[in-house]
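Topology and contacts: notes
The chain contents come next:
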Amino acid sequence: MAENLMTALMEKIRQEHKSIAEEVSQLFRETHEFLSATTANREELAKKQAQYLHQFHENLEQTTHEFLTETTKERFAQAQAQARFLQEFYQELEQTTHEFLAETAKNRTEQAKAQRQYLHQFRQDLFASIFGTHI
């Protein structure tokens, strides 16, 4: 009877061991499937993120290129407009300076003539007052 009991106990231990081994094996398979699925999901997500970042980078480069091209055009147009303005300003300044100098020269010539006339008259008056005669 003790032998039957031992045999039954050994059989029960074998059954439990087999059951535990099957559960461990099942748990290992499920863990492996979970990790495989998680890895695949993460790889897919990483691939999508890489595609998104690549597209974002291309869009950013295109936008930057368009912005810089437009900015260059605007600055060139501003520079041309400023150059025209400065050219016109220079021409007006040159004309105004020429007119000012011409007017100044004319005024000085008139002042010199008037002063010469005044000095000539003063000299005549001086001679007349000293010598009693006009030159």
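An account of the accompanying structure is given in this report.

Criteria and thresholds
For every chain, the first residue of its written sequence is number 1, and the numbers climb from 1 along that sequence. Only residues with pLDDT of 70 or above have their local features reported here, since the model is predicted, and side-chain atom pairs are shown and tallied only from 80 upward, although totals for entire chains, interfaces and linings are computed over all residues. Side-chain measures were taken over the full set of non-hydrogen atoms in the model, leaving aside hydrogen atoms and water. Side-chain rings of Phe, Tyr and Trp, where Trp is taken by its six-membered ring, are said to pair if the distance between their centres is within 6.5 Å; with planes under 30 degrees apart they count as stacked, over 60 as edge-to-face, and otherwise as tilted. A helix here means a DSSP run of H or I that spans at least four residues, while a strand means a run of E at least two residues long, and both kinds are numbered starting from the N terminus. With a 1.4 Å probe rolled over the protein chains alone, any residue whose accessible area is under 20% of its type maximum counts as buried; one over 50% counts as exposed, and the rest are partly exposed. Salt bridges are defined by distance alone: a side-chain nitrogen of Lys or Arg within 4 Å of a carboxyl oxygen of Asp or Glu.

This part is about the packing of aromatic side chains. The full count for this structure, using the stated rule, is 4 aromatic pairs. A centroid spacing of 6.3 Å and a plane angle of 25° characterise the contact between Y52 and F56, whose relative ring orientation is stacked. Of the two residues, Y52 and F56 both sit in helix 1 (residues 2-131), 4 residues apart, roughly one turn of that helix. By relative accessible area, which is 45% here, F56 ends up partly exposed. Both rings, one in F85 and one in F89, keep their centres 6.4 Å apart while their planes meet at 20°; by these two values the pair is stacked. Of this pair, F85 and F89 are both found in helix 1, 4 residues apart, which corresponds to roughly one turn of the helix. For F85, a relative accessible area of 52% translates into the label exposed.

So, about the pattern of salt bridges. Applying the stated rule across the entire model yields 1 salt bridge. Here R14 makes a salt bridge to E11, at a shortest N to O gap of 3.1 Å. Of this pair, R14 and E11 are both found in helix 1, 3 residues apart, which corresponds to roughly one turn of the helix.

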